[in-house]
Every structure is written in structure tokens, then in C-alpha cells.
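An overview of the molecular structure
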Amino acid sequence: MKKLITLIWLLGMSLGYSQSIINTESILKDIDSASTINFNIEGDLKYGNIKLIELNNQLTYAKKFGRNLIRLSLGQEYLEEDNEKLANDWVGQARLNHYLGLNSIFSFVQIQNAVSLNLKSRYLFGGGYRQNLYTSKEDDSNYFDLSAGVFRELEAYGQENDADLKIENWRYSLSAFSNFNFFKSFSLNTSVYCQLNSANLKDVRFFVEPRLYYKRDNFGIYLTNRYRYHSTPYVPVKKEDQEYLFGLEISL
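Residues numbered from 1 in each chain as written. Predicted model: local features only at pLDDT ≥ 70, side-chain atom pairs only at ≥ 80, totals over all residues. Heavy atoms only, no water.

**Section: the overall build of the protein chain**
Scanning the protein chain from terminus to terminus reveals zero helices and 13 strands. Taken from the N to the C terminus, the helices and strands of the protein chain come in the order β-β-β-β-β-β-β-β-β-β-β-β-β. Residue burial in the protein chain is summarised as follows: out of 252 residues, 45% are buried. Residue pairs at least 24 apart in sequence account for 53% of intrachain contacts in the protein chain once pairs closer than 6 positions are excluded. (Helix = DSSP H or I, 4+ residues; strand = E, 2+ residues; numbered from the N terminus. Buried < 20%, exposed > 50% of the residue type's maximum accessible area, 1.4 Å probe, protein only. Contact = heavy atoms within 4.5 Å.)

Have a look at this one:
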């Protein structure tokens, strides 16, 4: 069994707050016929004129069995400033792909909260189909896929001096995934998600994450940009947020 434990120290700049889309695509490049564990952690501690504690963690486990691939992910974001807790957000997701050659049928469930978005709870469940459009004959880790699916969305937002706002939607999901290796040690892994409200197509959520890797043996560095956009937020928060992250990766 191959086990990969990845420790990532992240130096980043962020704008706004996250919008609840989980990307586990980048872990696919490390999955062999057995299993993979991916762990990342980032933190920021400041004392003096301002006391700031920020911790972000994500653990992803992936395992292949036969023509099936399962991915389990658990993440936390904690933010405290001057002894005031600003965020303690959790997210968990289970995703199953059943492969039909290079294509697959997938299903997933997700549960989370996000204090920064006044999101008290969010439950998702759905599925779809993923179609491979290109795979290199020389290296099957070079690929480009498209997927389409549908999922149910159940959300509860907290409001000051008012009852919780309950949101229930069916959303269409369109996605694109790719990974390309170049110059031997470099690779670019990209994920794009577009999620449309089935009852109001102007209600759109969009996410894109390109991740540039440089990796030699068990050591690697990467640079990634994450951009999220929601055209019609249900509570008074910004429509978009963006972050740039630099990471160091050690594989065992």
C-alpha cells in the first residue's frame, strides 16, 4: 500500500470569504492502485498590537477498489482576532466514482457550516457523469475531462433578530478538469465548476482553481489561485472572493 502524507506550509493573500466548493481533483495525480492520504495545514499567529490566530486544515483520503474510487475529505477553518472567534467552519464530503473505461458515473454528499457567510448548515447530495475527452498515450496523468450532473442543496442562514433563512434548490453542475505535465518536473492541474439554480438560471456559483506544481522525487512546491463567485448571495456578503497560495509539499 502506498501512503502519501502531505504537509503544506502556505503563505497566502486572501480577499473576502470562501463559498463552499470543495476541490479534491489535485489528489488524483497521487493515487495508485491502493490508497492515498493527503493532509494540508496552514496557520498564522500574530501577537502585539493585534492578536490573531488563523488555522486551516484539510484531510483527504482516497482509495481505489476495482472500478471504483472513493474520496473522503474533512476540513476546518478557525479564525480568532483579539480573543473574538470570527470563524470555526467545518466541511465534510464523500465522493464515489464508478469507472467505465476512462469515463465515470459519480455521486457525492456534503455537509458544512460557514460562519463568515452566516451559513449555519449546508447539505448537498447529487451525482452525474464524467466524460474523458483527452488522455495522453505516453502519460495517462495528462488528461482533460468534462462532467455534468445535478444536486440537491439545503441551506440555513442565520439572520439578526429574525428567523433562520431556509434555502432549498436543485442545481445543475457543469465542470472541467485537466492535468498536464511539462518540462518533466512541472505540471498544471486545473478545476472549473459552474453551478446553476434550476429554478433561476441567473443564480450562478462559479469556482476555478489552477495549481502549478514543481515536483522532484518526494519534494514539491506549488502556486495556486482560487476564485469563487456567487451571482446572488442570499445574505449580505460579497459576491466573490479570491486567494493566492504558495505551498511546500513533502511526500512519504
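**Digging into the confidence of the model for the protein chain**
Mean pLDDT over the protein chain works out to 80, with 79% of the residues at or above the 70 mark. Across residues 1-19, where pLDDT falls below 50, the model places 75 contacts with residues more than four positions away in sequence or in other chains. (pLDDT = per-residue confidence, 0-100.)

**Points about the environment of glycine 92**
The residue glycine 92 is located in strand β5 (residues 84-100) in this model. When the C-alpha positions of glycine 92 and tyrosine 123 are compared, they lie 9.9 Å apart, and in sequence the two are 31 residues distant. With residues near it in sequence (within four places) discarded, glycine 92 still touches Ser73, Leu74, Val109, Gln110 and Ile111.

**Topic: the nonpolar core**
With six residues, the main nonpolar core is built from Ala114, Leu117, Leu119, Tyr157, Ile167 and Val235. In this view, isoleucine 167 contacts Glu153, Leu154, Glu155, Tyr157 and Tyr234; residues no more than four positions away in its chain are not counted. (Core = buried A, V, L, I, M, F, W, Y, C linked by side-chain atoms within 4.5 Å.)

**A look at the side chain of arginine 211**
Inspection of the secondary structure assignment puts arginine 211 in strand β11 (residues 200-216). In this structure the side chain of arginine 211 is engaged in a polar contact, spanning 3.3 Å, whose partner is the side chain of tyrosine 213. (Polar contact = N/O pair within 3.5 Å; in protein donor to acceptor, adjacent residues only side chain to side chain.)

**Overview of the packing of aromatic side chains**
By the definition in use, this model includes ten aromatic pairs. Aromatic rings pair up to connect Phe182, Phe183, Phe186 and Tyr214 into one cluster. The ring of phenylalanine 108 carries the charged tip of arginine 95 above its face, separated from the ring centre by 4.8 Å. (Phe/Tyr/Trp six-rings, centres within 6.5 Å; stacked < 30°, edge-to-face > 60°. Lys NZ or Arg CZ within 6 Å of the ring centre and 35° of its normal.)

**Examining unusual backbone geometry**
Trans peptide bonds make up the majority, and among non-glycine residues the majority have a negative phi. The backbone of phenylalanine 183 sits at a positive phi, close to 50°, despite the residue not being glycine. Position of phenylalanine 183 among the secondary structure elements: in the loop between β9 (162-182) and β10 (186-197). We note that lysine 184 has phi near 65°; this positive angle belongs to a residue other than glycine. Among the secondary structure elements, lysine 184 is positioned in the loop between β9 and β10. Judged by its relative accessible area of 86%, lysine 184 falls in the exposed class.

**Some points on the environment of glycine 149**
Note on placement: glycine 149 falls in strand β8 (residues 143-159). Glycine 149 sits 46 residues away from glutamine 195 along the chain, and the two C-alpha atoms are 9.5 Å apart. What glycine 149 contacts, discounting residues up to four positions off in sequence, is Gly127, Gly128, Arg171, Tyr172 and Ser173.

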